[in-house]
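Breakdown of the fold
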Amino acid sequence: MRAKTAHFKIEDFGMLPPHEAQARFLRSDVLSLMFLGGRGSGKSYAGCMKALLYCLRPEHAGLDYGVFSPTYRQLIRVQLPTILQFCEEFQKNAGFSLIKRHYRSDYVIEFINGSRMYLQSLENRGVDRCRSLSLSGAMIDEIAFLKNPWYAYQTILAAVRG
């Protein structure tokens, strides 16, 4: 029996048509990918979409994914609301929710395919909280603004095991 796959457009998530650099970033399937752009170029926006699409892929069902932000403030003002808005827009357009459960106090979103997205701030050595996780992938936003970006990168890289 073949697994069913969903077909949708990026606009179904409420994302405006991506500009050329965002489109290349979103289409790429390389293992390590960086979106380098100027202020306001849509790096965080595209990163959140990429993270969501990664979690929803059939081969990632039941796996964990990390979304890391340099500060708690950016996490609750940018990454979390952006991902939730994408899911809300998808629900309006498709008629069903992608979110099975949202653990608000832990900043964890569980999707209907069983994958979980862990959202974590990296300030005050918050990166050390990911040590116990086994992640299938991660999105790190604005890592250059950390006091020790190399330490954060190595710690997160060690948690990505699948």
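**Quick notes on the packing of helix H1 (residues 20-27) against helix H2 (residues 43-56)**
Following both chains from N to C, one finds H1 and H2 inclined at 25°, their axes separated by 10 Å at the closest point. In this view, H1 runs roughly parallel relative to H2, as classed from their interaxial angle. Taken as a pair, H1 and H2 cross one another with a handedness that is right-handed. Taken together, the residues of H2 that come into contact with H1 (itself represented by Gln22, Phe25, Leu26 and Arg27) are Tyr45, Ala46, Gly47, Met49 and Lys50. Per-class residue counts for the contact of H1 with H2 are five nonpolar, two polar and two charged.

**Some details on the pairing of strand E3 (residues 108-111)**
Of the two faces of E3, the one carrying Val108 and Glu110 and the one carrying Ile109 and Phe111 are both buried. Sheet topology places strand E2 (residues 99-103) next to E3; four bridges connect them, and they run antiparallel. What sits directly across from tyrosine 103, in E3, is valine 108. Following E2, the chain reverses through four residues before pairing antiparallel with E3; tyrosine 107 in that reversal takes a positive phi of roughly 55°. As defined by bridge partners, E3 adjoins strand E4 (residues 116-121) across three bridges and the pair is classed as antiparallel. Residue pairing across strands places isoleucine 109 opposite methionine 117, the latter belonging to E4.

**Re the pattern of salt bridges**
According to the stated counting rule, one finds seven salt bridges in the structure shown. Of the charged contacts, one joins glutamate 89 and lysine 92 as a salt bridge, the two residues approaching to 3.4 Å between their closest N and O atoms. Of this pair, glutamate 89 and lysine 92 both sit in helix H3 (residues 72-94), separated by three residues, roughly a single helical turn. Relative accessible area serves as the criterion here: at 57%, lysine 92 is assigned to the exposed category.

**Re H2**
The end-to-end C-alpha distance of H2, which contains 14 residues, comes to 20 Å, matching closely the 20 Å that a straight helix rising 1.5 Å per residue would cover. Of all 14 residues in H2, twelve are buried, a share of seventy percent or more. Listed in full, the buried residues belonging to H2 are Lys43, Ser44, Ala46, Gly47, Cys48, Met49, Lys50, Ala51, Leu52, Leu53, Cys55 and Leu56. Close packing links the buried residues of H2 with H1, strand E1 (64-69), H3, E3, E4 and strand E5 (137-140).

**Some remarks on the packing of aromatic side chains**
Using the criterion set out here, one finds seven aromatic pairs in the structure. When the ring of tyrosine 72 is compared with that of tyrosine 107, the centres are 6.0 Å apart and the planes differ by 80°; the resulting orientation is edge-to-face. Here the residue tyrosine 72 occupies a position in helix H3, and tyrosine 107 occupies one in the loop between E2 and E3, the gap between them amounting to 35 residues. By relative accessible area, tyrosine 72 is classed as partly exposed at 37%. Here a set of aromatic residues connected by ring pairs shows up, and it is made of Phe13, Phe90 and Phe96. Note that lysine 50 overlies the ring of phenylalanine 25, its terminal NZ or CZ placed 5.7 Å from the centroid.

**Details of the side chain of aspartate 141**
If you trace the backbone, aspartate 141 turns up in the loop between E5 and helix H4 (149-159). In terms of polar contacts, aspartate 141 uses its side chain to reach the side chain of glutamine 74, at 3.2 Å. Contacts of aspartate 141, omitting those with residues within four sequence positions, involve Ser44, Phe68, Ser69, Pro70, Gln74 and Gln79.

**So, a nonpolar patch on the surface**
A cluster of nonpolar side chains, Trp150, Tyr153 and Leu157, forms an exposed patch at the surface whose accessible area comes to about 330 Å². Mapped onto the secondary structure, leucine 157 falls in helix H4. Judged by relative accessible area, leucine 157 falls into the partly exposed class, the value being 46%.

Rules used throughout
Residues numbered from 1 in each chain as written. Predicted model: local features only at pLDDT ≥ 70, side-chain atom pairs only at ≥ 80, totals over all residues. Heavy atoms only, no water. Axes fitted to C-alpha atoms, helices over the stretch in contact; angles between N-to-C directions. Helix = DSSP H or I, 4+ residues; strand = E, 2+ residues; numbered from the N terminus. Parallel < 35°, antiparallel > 145°, perpendicular 65-115°, else oblique. Left-handed = near helix turned anticlockwise from the far one by under 90°. Contact = heavy atoms within 4.5 Å. Nonpolar A, V, L, I, M, F, W, Y, C, P; charged D, E, K, R; others polar. Buried < 20%, exposed > 50% of the residue type's maximum accessible area, 1.4 Å probe, protein only. Pairing = 2+ DSSP bridges. Salt bridge = Lys/Arg side-chain N within 4 Å of Asp/Glu carboxyl O. Expected span 1.5 Å × (residues − 1). Phe/Tyr/Trp six-rings, centres within 6.5 Å; stacked < 30°, edge-to-face > 60°. Lys NZ or Arg CZ within 6 Å of the ring centre and 35° of its normal. Polar contact = N/O pair within 3.5 Å; in protein donor to acceptor, adjacent residues only side chain to side chain. Patch = residues over 30% accessible without salt bridge, like charges linked within 9 Å, V, L, I, M, F, W, Y side chains within 5 Å. Areas by Shrake-Rupley, 256 points an atom, 1.4 Å probe, with all protein chains shown as cover.

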